[in-house]
Amino acid sequence: MNLLVLAAETENPLYPPIPELVIGLIAFVIVFGFLAKKLLPNINKVLDERHAAIEGGIEKAEAAQTEAQSVLEQYKAQLAEARHEAARLRQEALEQGTALKEELRAEGQRQREEIIAAGHAQIAADRKAAAQALRQDVGKLATDLAGKLVGESLEDHARQSRTIDRFLSELEEKAEAAR
């Protein structure tokens, strides 16, 4: 047992041998130095590029958002202007329509008055022509009747005209008195 204790004291598993510790430390420094010289700059470069890309993306997104906001404002301004223009055109068309309606109404009124005046003139002319024709017909009939009653011919034109005029004047006086 003594031997076992002595062997156990020399080989402690918690304490590594010094040469292994030195070799491990040298290997660690070599690997760390290699990583620091070769790999770390590449990693930092990639991280910087990624950081720059992210920052650039954020700046681009902010710029795009700012541009989109300005475009939206322009669109709203154009839309408001278009609505204003449409309202102005609608009002102008309404005014033109009202003016045209009034003009057509006035033209229609004028034409109606012309037609009525022409109708009254035509009626007056027809009445005058009918009265003249009636006067001649009644005069001829009256002259013929008077000639048959009197027994003499009233073919003398002057006498016939006086008789007709006197007879018609008496008829007109009786008609006016009856009214």
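Residues numbered from 1 in each chain as written. Predicted model: local features only at pLDDT ≥ 70, side-chain atom pairs only at ≥ 80, totals over all residues. Heavy atoms only, no water.

Caption draft 1: How the structure looks around the overall build of the protein chain. Of regular secondary structure, the protein chain possesses 3 helices and 0 strands. Secondary structure of the protein chain in N-to-C order comes out as α-α-α. Looking at the protein chain as a whole, 4% of its 179 residues are labelled buried. On the protein chain, roughly 16,000 Å² of surface is accessible, and the fraction owed to carbon and sulfur atoms is 63%. (Helix = DSSP H or I, 4+ residues; strand = E, 2+ residues; numbered from the N terminus. Buried < 20%, exposed > 50% of the residue type's maximum accessible area, 1.4 Å probe, protein only. Areas by Shrake-Rupley, 256 points an atom, 1.4 Å probe, with all protein chains shown as cover.)

Caption draft 2: Layout of the layout of surface pockets. Computed from the structure, the largest pocket encloses a volume of approximately 200 Å³. Lining the largest pocket, in full, are Ala131, Leu134, Arg135, Val138, Leu168, Leu171 and Glu172. Looking at the lining of the largest pocket, the element that brings in the most residues is helix α2 (residues 18–150), giving 4 residues. Counted by class, the lining of the largest pocket contains 5 nonpolar, no polar and 2 charged residues. (1 Å grid on protein atoms, 1.4 Å probe; cavity = no way out; pocket = protein on both sides within 12 Å on 5 of 7 lines; lining within 4 Å. Points joined across faces, edges and corners; volume = space filled by probe spheres on them. Nonpolar A, V, L, I, M, F, W, Y, C, P; charged D, E, K, R; others polar.)

Caption draft 3: Local environment of the confidence of the model for the protein chain. For the protein chain, the mean per-residue pLDDT works out to 84, and 86% of the residues sit at or above 70. Taking the mean pLDDT of every element in the protein chain, the minimum, 52, falls on helix α1 (residues 2–10) and the maximum, 89, on α2. (pLDDT = per-residue confidence, 0-100.)

Caption draft 4: Fine view of the pattern of salt bridges. Inspection of the entire model under this criterion finds 6 salt bridges. Here Arg88 and Glu92 are joined by a salt bridge, their closest N and O atoms 3.0 Å apart. Highlighted residues: Arg88 and Glu92, both in helix α2, separated by 4 residues, approximately one helical turn. For Arg88, a relative accessible area of 37% corresponds to the partly exposed category. Classification of Glu92 as partly exposed rests on a relative accessible area of 35%. Measuring nitrogen to oxygen at the nearest pair gives 2.2 Å for the salt bridge that ties Arg110 to Glu114. Note that Arg110 and Glu114 are positioned in helix α2 at a spacing of 4 residues, about one turn of the helix. (Salt bridge = Lys/Arg side-chain N within 4 Å of Asp/Glu carboxyl O.)

Caption draft 5: Broad picture of the packing of aromatic side chains. Evaluation of the coordinates by the stated rule reveals 1 aromatic pair. Note on Phe28 and Phe32: the rings are 6.1 Å apart at their centroids and 20° apart in plane angle, and the pair reads as stacked. On the criterion of helical spacing, the pair formed by Phe28 and Phe32 is a turn pair, its members being 4 residues apart in helix α2. The pair formed by Phe28 and Phe32 is uniform in burial state, with each residue classed as exposed. (Phe/Tyr/Trp six-rings, centres within 6.5 Å; stacked < 30°, edge-to-face > 60°.)

Caption draft 6: A nonpolar patch on the surface, seen in detail. The grouping of Val31, Phe34, Leu35, Leu39, Leu40, Ile43 and Leu47 at the surface amounts to a nonpolar patch, some 620 Å² of accessible area in total. Counting through the fold element by element, Leu39 comes out in helix α2. (Patch = residues over 30% accessible without salt bridge, like charges linked within 9 Å, V, L, I, M, F, W, Y side chains within 5 Å.)

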